[in-house]
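Residues per chain, in single letters:
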Amino acid sequence: MFVCLLVVEVEFAQPTYTANEADGSVQLCVNLTGEFEIDVEALLFTVDDLSTVNRAQPDSDYERSSDRILIFSTGGVRTRCENIELIADLTLENEESFLVNISSDIDAVRFLSKTAEVIIRDSDSKSIHLIEFLGRV
Ligand SMILES: [Ca+2]
Ligand SMILES: [Ca+2]
């Protein structure tokens, strides 16, 4: 069987996604453009970075994810979305962010962008902590 796969271009729908810590999850979308006659698979995964200041931490601020497979079927939709779970806590924090990457083993896939940044706004305020503190007195 003759299989034809011309170059397809894949990119995050947005370079930056902003969520609130209390949202529970953040949805990231990936767009594909171009012509293809076999299914195109891409892998979406979170990037652990323990070194950068104000970096959100895996499994403490968000759920680490390494195995989200995006499948673009021939004749199917050109956008695939995945939810990354956010972890809410009661700690007063700065705005934090983490990175999500996409990759593919298919040679014909060209990435216009491989990385998106998720910014998490903290849901905990000083006044809530004061109320909790007063409640314990
Ligand atoms: Ca947090
Ligand atoms: Ca917090």
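Here is a short report on the structure shown in this document.

Conventions we followed
Residues numbered from 1 in each chain as written. Chains lettered and ligands numbered in written order. Predicted model: local features only at pLDDT ≥ 70, side-chain atom pairs only at ≥ 80, totals over all residues. Pairing = 2+ DSSP bridges. Helix = DSSP H or I, 4+ residues; strand = E, 2+ residues; numbered from the N terminus. Axes fitted to C-alpha atoms, helices over the stretch in contact; angles between N-to-C directions. Buried ≥ 20, exposed ≤ 12 C-beta atoms within 10 Å, placed from the backbone.

### Quick look at the sheet that holds strand 5 (residues 68-72)
- Spatial strand order, 2-9-7-4-5: five strands in an open sheet with mixed pairing. The open sheet terminates on both sides in strands that have one partner only, identified here as strand 2 (16-20) and strand 5. Across the sheet, the mean angle separating the axes of adjacent strands is 25° when strand polarity is ignored.
- Sheet analysis places strand 4 (residues 40-47) next to strand 5, joined by five bridges and oriented antiparallel. Its bridge partner being in strand 5, Val40 is matched across the sheet by Phe72.

### Focus: the pairing of strand 4
- Across five bridges, strand 4 lies against strand 7 (residues 96-103) in antiparallel orientation. Counted as the bridge partner of Phe45 is Asn101 from strand 7.

### A look at unusual backbone geometry
- The phi dihedral of Asn54 falls on the positive side, at around 60°, and the residue is not glycine.
- The phi torsion at Asp59 lies on the positive side, around 65°, for a residue other than glycine.
- Summarising the element assignment, Asp59 is placed in the loop between strand 4 and strand 5.

### Some points on the environment of Asp48
- Along the chain, Asp48 turns up in the loop between strand 4 and strand 5.
- In this structure Asp48 comes out as partly exposed when scored by C-beta crowding, with 14 C-beta atoms within 10 Å.
- Sequence-wise, Asp48 and Leu99 are 51 residues apart; in three dimensions their C-alpha atoms are separated by 7.9 Å.

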